[in-house]
Each structure stands twice: as structure tokens, then as C-alpha cells.
Amino acid sequence: MATHQLIGSPISYYTGKARAYLRFKKIPFEEVLSSREVYEQLIVPRVGYPIIPVMVTEDDKTLQDTTDIIDYLEARYPEPSIYPATPRQKLVSLLMEIYGDEWLVIPAMHYRWNLPENREYAYRQFGATSAPEKSPEEQRQIGFDRAQHFAGMVPRLGATEHNRDAIEKSYLQLLSDFDAHLAEYPFLLGTRPSIGDYGLIGPLYAHLWLDPASGKIMEAHAPRVVQWVKRVHEPQEHGGEFLPNDEVPKTLFPMLARMFNEHLPVLMSTMDHVEQWAEANPGERKLPRAIGMHEFTVEGVRGERAIFPANQWMWQRAADFYQSLDDDGKAQVRDVFADFPNAIAALERPIRRRVVRENFRFTLEG
Ligand SMILES: N[C@@H](CCC(=O)N[C@@H](CS)C(=O)NCC(=O)O)C(=O)O
């Protein structure tokens with residue numbers, strides 16, 4: 001009988017997110033290695049361009065983007081839901097998903113491609129995925145060639161020699177903040193993983209734990225985060241509960257504050273640039289992957305990175321949810337984020353030009 005297939009690689013960021021989710025939900029699936037042949041014969045013909053993970057469902061539907069994969073499966077396998085039902089927890093879980101998916105890619109890619117031990121490991125793993133039948137020496141060469149595309153993304157994502165120390169400082173502080181949270185709770189919002197845990201597992205599993213030099217850093221700075229990585233990626237439990245009374249634990253606030261300081265200004269600037277791009281390109285709907293460069297700041301150090309409309313698509317999930325709440329729900333959110341006026345302003349900001357996904361590509365709505 002046909003089963004869902006998850007096509008991806010053992011050291012891929014977003015494959016790890018989807019795999020962890022599927023395991024927790026006990027959804028039957030088989031994993032297919034994204035070899036060169038699989039890219040040529042399955043991924044590119046179905047999606048239109050090379051990307052992982054891809055899900056081919058048991059009834060042969062093609063899904064890409066882990067957020068779409070997860071939401072498709074949540075509708076069919078609703079219990080136990082990874083979306084809290086209450087306003088504050090649901091919003092916090094969506095924010096942590098965006099932060100993991102779209103911002104922690106900076107430390108993740110920095111550590112993978114700028115530490116020689118990790119880079120060497122990644123070449124070999126890339127090669128083993130791409131050409132499992134070849135010898136280790138040939139795989140290393142194939143992996144090296146394939147890796148150039150990914151290593152080349154690092155400066156476009158904003159990680160350079162100039163801000164290296166700041167990126168590492170911010171990441172190590174995030175690790176210790178998360179470690180302190182995990183002294184109290186097994187997951188972000190209680191004893192059940194939420195969509196926020198799945199956002200964070202992408203970077204924290206593959207690049208920041210499995211890569212050997214990264215794993216040593218995590219073991220040394222945040223042993224509880226290591227345990228969480230294992231708990232999320234190899235779940236033993238299938239249930240658990242979100243905390244009662246829509247509580248957002250105090251121990252999450254340092255992580256939220258870091259996201260609001262570093263990532264939120266970039267999300268707002270992305271929306272400005274999407275609006276400007278729409279003005280400058282009347283009638284054009286298909287968005288390029290990146291639309292110019294903008295500044296960002298980490299630990300007081302300024303950098304530049306490409307502007308990705310994909311980031312806005314993810315942000316819309318949180319903003320739409322907040323804006324859909326009734327007055328009481330909004331007031332509860334404003335209350336819990338009272339110390340973060342920039343977060344409230346961001347959530348209230350109308351989305352003038354929406355980014356949607358059509359045929360696996362980002363376009364402007366309507
Ligand atoms: N947001 C997407 C991103 C998928 C993605 O970026 N995958 C990476 C590997 S983990 C990739 O294939 N990148 C190819 C590229 O960026 O050219 C998701 O959640 O699935």
C-alpha cells in the first residue's frame with residue numbers, strides 16, 4: 001500500500017523539521033534520500049526547481065515547504081494537535097516557528113560552512129546523499145561541488161567575518177536562555193511540542209547539533225538543549241499537554257526578546273521592500289527569491305543581507321492570527337507583550353501587499 005514519502009537528506013535543516021513532526025504524530029511515512037537521480041526524476045519535475053524536503057502523499061500529491069506539509073497533515077491527522085488553541089500560546093508558537101525557520105538560518109549556516117570540521121563533514125554527507133553508490137573519495141568530491149551553492153549563500157544570509165563574533169555571541173546566549181527554559185519545561189509550552197518546537201528543531205538539529213563541531217558547542221553550553229533536540233527529533237511520547245490558562249512561561253521571554261530585537265525589524269523592512277517592489281513592478285506578480293539587500297543588527301553589529309519575500313509569507317501567519325482575534329484575545333496578547341511595543345506594533349501593522357504561494361513559488365496576491 002502506498003504511504004507518504006518524505007524526500008530529503010539526513011543533514012538538511014527543513015527535512016529534520018518535517019521528520020520530527022511526522023514521528024511525533026505517528027504518521028506512517030518512508031524517507032527517500034534526495035540523491036542526484038531523485039532530484040532529476042522526481043523533485044525538479046514535480047516542483048519545478050531543486051529543493052528539499054518534498055512530500056509525496058499516499059495519494060500522489062506533491063507538497064513542498066514544511067509549513068505546507070505540516071498544515072496539510074494537521075488537517076488529516078488532527079490529534080494531538082501541535083497548534084495550541086489559545087491566543088497567547090498559539091501566537092508564541094507561530095513566532096518561534098518563524099524565528100527557527102527564517103532567522104536561525106544565520107547561525108546555522110555560519111557554523112556549518114565557516115568551521116572547517118563541520119564543512120568537511122557536510123561535504124562527505126552531501127556526497128553520500130547525492131551518490132550513495134560511489135566511493136567515499138568520490139562522494140567527498142561530489143559533496144564539495146554540490147556544497148558550493150550552499151556555502152555561497154552564507155554572506156547573502158548576512159554572516160560575514162565582520163559580524164562573526166556577534167552572531168556567535170547571540171547564538172550562545174540563545175542557547176543558555178533556552179537551556180534555562182528547559183530546566184522547567186520539556187518543550188516550549190509544556191509537555192507537548194508545538195509548531196514552535198518544530199521551527200526551532202530545523203537549525204538546532206542538523207546544523208547546530210549533528211554537525212560535529214556544533215554538537216560539541218551545544219554539549220558544552222546547553223546540555224538540556226541537547227536533550228530537547230533528541231526529544232523532538234526522536235520522540236518517545238505521543239501526547240502531552242500545553243500549559244493551562246494560556247500561560248506563556250516567563251523563561252521564554254529572553255528568547256522572544258532576542259527575536260523581537262534582531263528578527264522583527266528585518267521582517268518589517270521586508271514588508272516595506274515588498275510594498276516598494278510591487279509599486280515599482282506594476283502588473284508583475286511573480287516575486288524573485290530576493291529583492292535587494294537591507295541592513296540588520298545583531299549584538300550591536302550591523303550587517304547586510306538579502307531581502308527574502310519568503311520571510312513575509314511566514315510572518316503573515318503570525319500577523320493574520322493576531323488580527324483574526326477578537327478584542328479580548330488581542331488584549332490578552334497585548335498584555336503578555338506589554339514590554340515589547342515593537343512586537344505589538346508589528347502584529348497590528350496591516351499587510352498591504354500579501355505574499356502567497358502558487359505552484360511552489362512566492363507571488364504577490366491578486
Ligand atoms: N522554507 C522551506 C525551505 C526549504 C529549503 O530551503 N530547503 C533547503 C535545504 S534544507 C534547500 O533545498 N535549499 C536549496 C536552495 O536554497 O537552493 C521549507 O520549510 O521547506
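Residues numbered from 1 in each chain as written. Predicted model: local features only at pLDDT ≥ 70, side-chain atom pairs only at ≥ 80, totals over all residues. Heavy atoms only, no water.

Quick look at the pairing of strand β1 (residues 4-8)
Applicable threshold: Relative accessibility under 20% of the residue-type maximum defines a buried residue, over 50% an exposed one, and the middle range a partly exposed one, all with a 1.4 Å probe and only protein chains included. A helix here means a DSSP run of H or I that spans at least four residues, while a strand means a run of E at least two residues long, and both kinds are numbered starting from the N terminus. Strand pairing requires that DSSP identify at least two bridges connecting the strands. For a crossover, the right-handed case is the one in which the path from the first strand over the helix to the second runs clockwise, viewed with the strands pointing away from the viewer.
β1 sits mainly inside the fold: four of its five residues count as buried. Relative to strand β2 (residues 29-33), β1 runs parallel, the two being bridged by five bridges. Within the sheet, the bridge partner assigned to Gly8 lies in β2 and is Leu33. With respect to chirality, the unit in which β1 leads through helix α1 (residues 13-25) into the neighbouring parallel β2 is right-handed.

Considerations on the site of the ligand
Stated precisely, the cut-off is as follows: For this purpose, a residue is taken to be near a molecule or strand whenever a single non-hydrogen atom of the residue falls within 4 Å of it. Polar contact criterion, stated in full: a pair of N or O atoms within 3.5 Å, where within protein one must be able to donate a hydrogen and the other to accept it, and residues adjacent in sequence count only if both atoms are side-chain atoms. Note on areas: these come from Shrake-Rupley sampling with a 1.4 Å probe, and a residue is covered only by the protein chains present in the view. As annotated, the domain borders come from an automatic or database domain assignment.
Surveying the vicinity of the ligand reveals 13 residues, the closest of which are Ile52, Asp65, Thr66, His149 and Arg289. Between the ligand and Ile52, the relevant distance is 2.7 Å, taken from a nitrogen atom to a main-chain nitrogen or oxygen of the residue. Protein contacts shield 86% of the accessible area of the ligand, which totals 510 Å² for the unbound molecule. Of all the elements in the fold, those that place two or more residues in the shell around the ligand are α1 and α7 (136-151). Among the domains, domain 1 (4-76) and domain 2 (88-246) are the pair contributing at least three residues each to the shell around the ligand.

A look at the pattern of salt bridges
Spelled out, the test is: Salt bridges are identified by distance alone: a Lys or Arg side-chain nitrogen within 4 Å of an Asp or Glu carboxyl oxygen.
Taken as a whole and assessed by the stated rule, the structure comprises 27 salt bridges. For the salt bridge of Lys25 with Glu74, the shortest nitrogen-to-oxygen distance reads 2.7 Å. Here Glu74 lies in helix α3 (residues 66-76) and Lys25 lies in helix α1, a separation of 49 residues in the sequence. Given a relative accessible area of 9%, Glu74 falls into the buried group.

Quick look at the sheet that holds β2
Applied cut-off: Axis definition: a line fitted to C-alpha atoms, limited for helices to the stretch in contact. Angles are taken between N-to-C directions and run from 0 to 180 degrees.
If you walk across this open sheet you meet the four strands as β2-β1-β3-β4, and the pairing is mixed. Each edge of the sheet is formed by a strand with only one pairing partner; in this case those strands are β2 and β4 (62-64). Put simply, the sheet's adjacent strands are angled 25 degrees from each other on average, direction ignored. Pairing analysis gives three bridges linking β1 to strand β3 (residues 54-56), with the strands arranged antiparallel. When the sheet's bridge partners are listed, Leu6 is paired in β3 with Met55.

As for a negative patch on the surface
Heads up, the condition is: Patch rule: a residue counts if its relative accessible area is over 30% and it has no salt bridge; like charges are joined within 9 Å, and nonpolar side chains (Val, Leu, Ile, Met, Phe, Trp, Tyr) within 5 Å. Positive charge is attributed to Lys and Arg, negative charge to Asp and Glu, and no charge count is given to His or to the chain ends. The atom standing in for a charge is NZ when the residue is Lys, CZ when it is Arg, CG when it is Asp and CD when it is Glu.
Together, Glu37, Glu133, Glu137 and Glu138 line one region of the surface with negative charge. By secondary structure assignment, the location of Glu137 is in helix α7.

Side note on the packing of helix α4 (residues 87-103) against helix α13 (residues 253-280)
Our working definition: Should the near helix be turned anticlockwise from the far one by less than a right angle, the crossing is left-handed, and should it be turned clockwise, the crossing is right-handed. Note on definitions: a residue-residue contact is assigned when non-hydrogen atoms from the two residues lie within 4.5 Å. The nonpolar class holds Ala, Val, Leu, Ile, Met, Phe, Trp, Tyr, Cys and Pro. Asp, Glu, Lys and Arg form the charged class, and all remaining residues, Gly among them, are polar.
At a minimum axis separation of 11 Å, α4 and α13 run at an interaxial angle of 60 degrees. Both α4 and α13 take part in a crossing whose hand is left-handed. Listed contacts from α13 to Val92, Leu95, Met96, Ile98, Tyr99, Glu102 and Trp103 of α4 are Met255, Leu256, Arg258, Met259, Phe260, Glu262, His263, Val266 and Leu267. Its residues assigned to classes, the contact of α4 with α13 comprises twelve nonpolar, one polar and three charged.

Regarding the side chain of Arg258
Structurally, the position occupied by Arg258 is in helix α13. Every residue in contact with Arg258, bar those within four places of it in the chain, is listed here: Tyr99, Ser170, Gln173, Leu174, Asp177, His263 and Glu299.

Topic: the nonpolar core
Heads up, the condition is: Side-chain atoms within 4.5 Å are what join buried Ala, Val, Leu, Ile, Met, Phe, Trp, Tyr and Cys residues into a set we call a nonpolar core.
Among the nonpolar cores identified, the biggest contains 113 residues, and Leu200, Leu204, Met218, Trp228, Leu256, Trp315 and Phe337 are the most heavily contacted of them. Considering each element in turn, this core owes the most residues, 13 residues, to α13. Among all residues touching Leu200, those that are not within four sequence positions of it are Met96, Tyr99, Gly100, Leu104, Phe178, Leu188, Trp228 and Met255. Within the second largest apolar cluster, eleven residues are counted, among which are Val38, Tyr39, Ile52 and Val56.

Concerning unusual backbone geometry
The linkage connecting Ile52 with the following residue, Pro53, adopts the cis geometry, with an omega of 0 degrees. Looking at the secondary structure, you find Pro53 in the loop between α2 (36-47) and β3. Residue Glu79 is joined to Pro80 through a cis peptide bond whose omega torsion reads -15 degrees. On the secondary structure map, Pro80 appears in the loop between α3 and α4. You will see that Phe360, though not glycine, has its phi angle at about 70 degrees, which is positive. Tracing the backbone through its elements, the reader meets Phe360 in the loop between β7 (355-358) and β8 (361-364).

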